[in-house]
Amino acid sequence: MYQVKTYNAIAPAGLNTFTADYTLNQSEHPDAYLIRSVNLHTETLPSSLKVIVRAGAGVNNIPIDQATANGTAVFNTPGSNANAVKELIIGLLIMASRNLIAATTYSAQHTEADISQRTEHDKTQFNGIELTGKTLAVIGLGHVGALVANAALNLGMNVIGYDPYLSADAAWNIAKQVQRAATLPDAVKQADFVTVHVPKNADTLHLINKDALAAMPTGVQLFNYSRLGIVDNTAIMNALATGQVAHYYTDFGEPQLADQPAVTVTPHIGGSTIEAEINGATQAARTIMTYLETGNVHAAVNLPDLSVPFNAAYRFTIIHENVPNMVSQITAKLAAANLNITTMANAAKHQTAYTIIDIDDLQQPQQADLIAELSKIPAVSRVRLLKQGNVE
């Protein structure tokens, strides 16, 4: 019986497919966490915890090093809220081009205005532009960026994309009409609008900085619906003061952005739709089930990809450090127990390795002893034994 705890995440229809082999939130020794925004950095992960899946794209709220040391696989659900973010960006593009925020603020402040005279006279200050023929630079062409780029094309915009890490698979999702820029300055130099959709890491921290802003045309409008820190807020405030940037839209507020007329801050709602919540939780549920029942790994944050058809009677999965002589130590333990290996696979990601070993015959008395022996190997953080068709 697997125990799954959910934190700040919808329990979707996907969780109902756990059937009788899974229970939710009923144990202090859970096998899995399904989370959204809870901060796990302040918690001690239980030794029973085998997998954490965040229903969302980022994993900033998960202590990755602690999880890896605990033998806990960490996953997210990239792309589950991509459409929600795309639709918000398109909505904001329309709002920005037509000055809708300023216009509706004016209307709220002039409810008694004579429509035939004052309003007709004053409305010219809210004259906007049409998006057709304007240029949008999309920085980051992953799940969200690709959708934004394609949608902007459908609005008649010229779209320039920049992503030095674009994979061949991701490239298939981008319309061929999207122009590719070789550098960030090349991507933004003719842009009327710039939108950023990159993950937050050492390479992207303050990606949009003083130099990047200076490469943009005067009067550009900038959107950051990626992560806090991708845009250098000190640099953006200076660019707004000089008129280099006409308006900044972001999902991530900070005190220096507050009460600024040329800054629009939304309360972190990029992926906040009912559909995105359900998509993320359902995808997370399926990821939990796959990992717990087969040990197969695809797109984990802290483990290498490793998927092996589970056709044998038993499967050992072992998380360990990526150091020499590990596989030979593991197989020696199995040989000492007179077990025949039918399938074995091993892969590494940075300092962490993962090994899957299938065997056809394992007597009940051997199971606990063998798990204990494998767990004694230095640098092993978790050993699991799976039985075909059954949960642990």
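Residues numbered from 1 in each chain as written. Predicted model: local features only at pLDDT ≥ 70, side-chain atom pairs only at ≥ 80, totals over all residues. Heavy atoms only, no water.

1. Looking at helix α12 (residues 326–336)
Right, so step 1: Every buried residue belonging to α12 is among Met326, Ile330 and Leu334, and all of these are buried. When α12 is viewed along its axis, its buried side chains cluster within an angular range of 70° and face the same direction. Turned more than 90 degrees from where α12 packs its buried face, Ala335 and Ala336 sit exposed.
Right, so step 2: Of the surrounding elements, those touching the buried residues of α12 are β13 (314–321), β14 (341–349), β15 (352–359), α13 (364–375) and β16 (380–387).
Right, so step 3: The positive-phi residue at the C-terminal boundary of α12 is Asn338, with phi of around 60°. (Buried < 20%, exposed > 50% of the residue type's maximum accessible area, 1.4 Å probe, protein only. Helix = DSSP H or I, 4+ residues; strand = E, 2+ residues; numbered from the N terminus. Arc of directions from axis to C-beta. Contact = heavy atoms within 4.5 Å.)

2. Digging into the packing of aromatic side chains
Right, so step 1: Inspection of the entire model under this criterion finds three aromatic pairs.
Right, so step 2: Measuring from centroid to centroid gives 6.4 Å for Phe193 and Phe223, while their planes differ by 40°, and the two rings are tilted. Of the two residues, Phe193 is situated in strand β9 (residues 193–196) and Phe223 in strand β10 (residues 220–224); the sequence distance between them amounts to 30 residues. Here Phe193 matches Phe223 in class, with each residue buried.
Right, so step 3: Following the ring pairs from residue to residue traces out a cluster consisting of Phe193, Phe223 and Tyr249.
Right, so step 4: Over the aromatic face of Tyr291 sits the side chain of Arg384, whose NZ or CZ is 5.3 Å from the ring centroid. (Phe/Tyr/Trp six-rings, centres within 6.5 Å; stacked < 30°, edge-to-face > 60°. Lys NZ or Arg CZ within 6 Å of the ring centre and 35° of its normal.)

3. Examining the sheet that holds strand β12 (residues 263–265)
Right, so step 1: The seven strands lie next to each other as β8-β7-β6-β9-β10-β11-β12, forming an open sheet whose pairing is parallel. Among the strands making up the open sheet, the edge pair consists of β8 (179–180) and β12.
Right, so step 2: Sheet analysis places strand β7 (residues 158–162) next to β8, joined by two bridges and oriented parallel. Along β8, the bridge assignment pairs Gly161 with Arg180.
Right, so step 3: Contacts from helix α6 (residues 143–154) reach β6 (135–139), β7 and β9 within the one sheet, and its direction differs from that of β6 by about 170°.
Right, so step 4: The sheet contacts of helix α10 (residues 233–242) involve β10, β11 (245–250) and β12, and relative to β11 the element is tilted by about 145°. (Pairing = 2+ DSSP bridges. Axes fitted to C-alpha atoms, helices over the stretch in contact; angles between N-to-C directions.)

4. Some remarks on the packing of α12 against α13
Right, so step 1: The N-to-C vectors of α12 and α13 enclose an angle of 155°; their axes lie 10 Å apart at closest approach. Considering the angle they form, α12 stands roughly antiparallel to α13. Here α12 runs over α13; the crossing is right-handed. In contact with Ile330, Lys333 and Leu334 of α12, α13 contributes Leu370, Glu373 and Leu374.
Right, so step 2: Class assignment for the residues of the contact of α12 with α13 results in four nonpolar, no polar and two charged. (Parallel < 35°, antiparallel > 145°, perpendicular 65-115°, else oblique. Left-handed = near helix turned anticlockwise from the far one by under 90°. Nonpolar A, V, L, I, M, F, W, Y, C, P; charged D, E, K, R; others polar.)

5. Some remarks on the UniProt feature "domain: ACT" (unreviewed entry) in the protein chain
Right, so step 1: As recorded in UniProt, the feature "domain: ACT" (unreviewed entry) lies at residues 315–388.
Right, so step 2: The straight-line gap between the two end C-alpha atoms of residues 315–388 is 8 Å; of that span, 31% is helix and 43% is strand. (UniProt positions renumbered as here; feature names shortened; annotations may be inferred.)

6. Remarks on the nonpolar core
Right, so step 1: In terms of nonpolar packing, the biggest core is built from 29 residues, with Ile139, Val194, Ile208, Leu213, Leu222 and Ile236 touching the most fellow members.
Right, so step 2: If you list the elements that add at least two residues to this core, you get β6, β7, α8 (184–188), β9, α9 (210–214), β10, α10 and β11.
Right, so step 3: Per-element tally for this core: the top contributor is α10, with five residues.
Right, so step 4: Excluding its chain neighbours within four sequence positions, the residues that come into contact with Ile236 are Leu213, Leu222, Val231, Val245, Tyr248 and Leu257. (Core = buried A, V, L, I, M, F, W, Y, C linked by side-chain atoms within 4.5 Å.)

7. Concerning the pattern of salt bridges
Right, so step 1: Tallied over the entire structure, the rule returns seven salt bridges.
Right, so step 2: With a closest N to O distance of 3.4 Å, Glu277 and Arg36 form a salt bridge. Here Arg36 lies in the loop between β3 (32–35) and β4 (51–54) and Glu277 lies in helix α11 (residues 274–294), a separation of 241 residues in the sequence. Side by side, Glu277 and Arg36 carry an identical accessibility label, which is buried.
Right, so step 3: Through salt bridges with shared partners, a single ionic network connects Lys333, Glu373 and Lys376. (Salt bridge = Lys/Arg side-chain N within 4 Å of Asp/Glu carboxyl O.)

8. Considerations on the environment of Asn209
Right, so step 1: Structurally, Asn209 is set in the loop between β9 and α9.
Right, so step 2: In sequence terms Asn209 and Tyr162 are 47 residues apart; their C-alpha atoms lie 16 Å from each other.
Right, so step 3: When residues no more than four places from it in sequence are discounted, the contact partners of Asn209 are Asp232 and Ala235.
Right, so step 4: Within the structure, the side chain of Asn209 is placed 3.2 Å from the backbone nitrogen of Asp211, a separation counted as a polar contact. (Polar contact = N/O pair within 3.5 Å; in protein donor to acceptor, adjacent residues only side chain to side chain.)

9. Some thoughts on the pairing of β15
Right, so step 1: Across the eight residues that make up β15, a large majority, eight, are buried.
Right, so step 2: Burial along β15 is two-sided: the face carrying Thr352, Tyr354, Ile356 and Asp358 and the face carrying Ala353, Thr355, Ile357 and Ile359 are both buried.
Right, so step 3: In this structure, β13 lies alongside β15, joined through eight bridges in antiparallel fashion. When the sheet's bridge partners are listed, Thr317 is paired in β15 with Ile356.
Right, so step 4: Strand direction decides the pairing type here: β14 and β15, joined by eight bridges, are antiparallel. Residue pairing in the sheet places Ile341 in a bridge with Ile359 of β15.
Right, so step 5: Linking two consecutive strands that pair antiparallel, namely β14 and β15, is a turn of two residues; a positive phi of about 60° is found at His350 within it.

10. Focus: the pairing of β4
On any regular strand, side chains alternate: one points to one face of the sheet, the next to the other face.
Right, so step 1: Judged by which residues are buried, β4 turns out to be covered on both faces: Val51 and Val53 on one side and Ile52 and Arg54 on the other are all buried.
Right, so step 2: Once the chain exits β4 it traverses helix α2 (residues 64–69) before rejoining the sheet at strand β5 (residues 73–75), and the crossover so formed is right-handed. (Right-handed = clockwise from strand over helix to strand, strands pointing away.)

11. Topic: the packing of helix α3 (residues 82–97) against α6
Right, so step 1: Taken N-terminus to C-terminus, the directions of α3 and α6 make an angle of 40°; their axes are 9 Å apart at the nearest point. In terms of axis orientation, α3 runs oblique to α6. Judged by the sense of rotation from one axis to the other, the crossing of α3 with α6 is right-handed. Between α3 and α6, the contacting residues are Ala82, Asn83, Val85, Lys86, Ile89 and Ile90 on the first element and His143, Val144, Leu147, Val148, Ala151 and Ala152 on the second.

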